[in-house]
Amino acid sequence: GSGGRGDHTVLPASYLYPEQALPRYTDPVLALRILVECLTKLKRLDDVEQYLGEGMDREIRMVAEREQAKTFARLERRRGMAATNKANSSGEGGNKGIGEGSGGQGGLG
């Protein structure tokens, strides 16, 4: 007969029905909840937490560097515009009101 020894010849569902190999969830919260439950049962949640923590530190540094570069570029553009405006306007206004436009007085173009 077919005892427990024949179980190794059973094909997995993913082989028989490849389109049904992995469940697809339209609700991301439900999908994440199921994933966390599975990882907890497999006792791998700590591994994932450590991996995510390491990756998060690296990603935060990269985002910080990008934002810092954008800020420096924006400041350089403002300095360049301020120098151009100062040369064109004979020095009126000085450094007061940085960040405020010309307010319609003496237009730029």
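Structural notes, computed from the coordinates. Quantities reported herein were computed from a predicted structural model and do not represent experimental measurements. (Residues numbered from 1 in each chain as written. Predicted model: local features only at pLDDT ≥ 70, side-chain atom pairs only at ≥ 80, totals over all residues. Heavy atoms only, no water.)

## Here we look at the overall build of the protein chain
Looking only at helices and strands, the protein chain has three helices and zero strands in total. Going from N to C terminus, the protein chain has its helices and strands arranged as α-α-α. Taking all 109 residues of the protein chain together, 2% fall into the buried category. Of the roughly 10,500 Å² that the protein chain leaves accessible, carbon and sulfur atoms contribute 56%. (Helix = DSSP H or I, 4+ residues; strand = E, 2+ residues; numbered from the N terminus. Buried < 20%, exposed > 50% of the residue type's maximum accessible area, 1.4 Å probe, protein only. Areas by Shrake-Rupley, 256 points an atom, 1.4 Å probe, with all protein chains shown as cover.)

## Structural notes on unusual backbone geometry
One non-glycine residue, Lys-43, lies in the positive phi region at around 55°. The topology assignment puts Lys-43 in the loop between α2 (28-41) and α3 (45-88).

## Description of α2
With 14 residues, α2 ought to run about 20 Å at 1.5 Å a step, and its terminal C-alpha atoms sit 20 Å apart, in line with that. The N-cap residue of α2 is Asp-27: its side-chain oxygen and the backbone nitrogen of Val-29 are 3.1 Å apart. Immediately downstream of α2, the backbone of Lys-43 shows phi near 55°, a positive value. (Expected span 1.5 Å × (residues − 1). Polar contact = N/O pair within 3.5 Å; in protein donor to acceptor, adjacent residues only side chain to side chain.)

## Some thoughts on a nonpolar patch on the surface
Where nonpolar side chains cluster on the molecular surface, the patch consists of Leu-32, Leu-35, Val-36 and Leu-45 and spans about 320 Å² of accessible area. Per element, the largest residue contribution to the nonpolar patch is three residues, and it comes from α2. One can find Leu-32 in helix α2. Relative accessible area serves as the criterion here: at 52%, Leu-32 is assigned to the exposed category. (Patch = residues over 30% accessible without salt bridge, like charges linked within 9 Å, V, L, I, M, F, W, Y side chains within 5 Å. Salt bridge = Lys/Arg side-chain N within 4 Å of Asp/Glu carboxyl O.)

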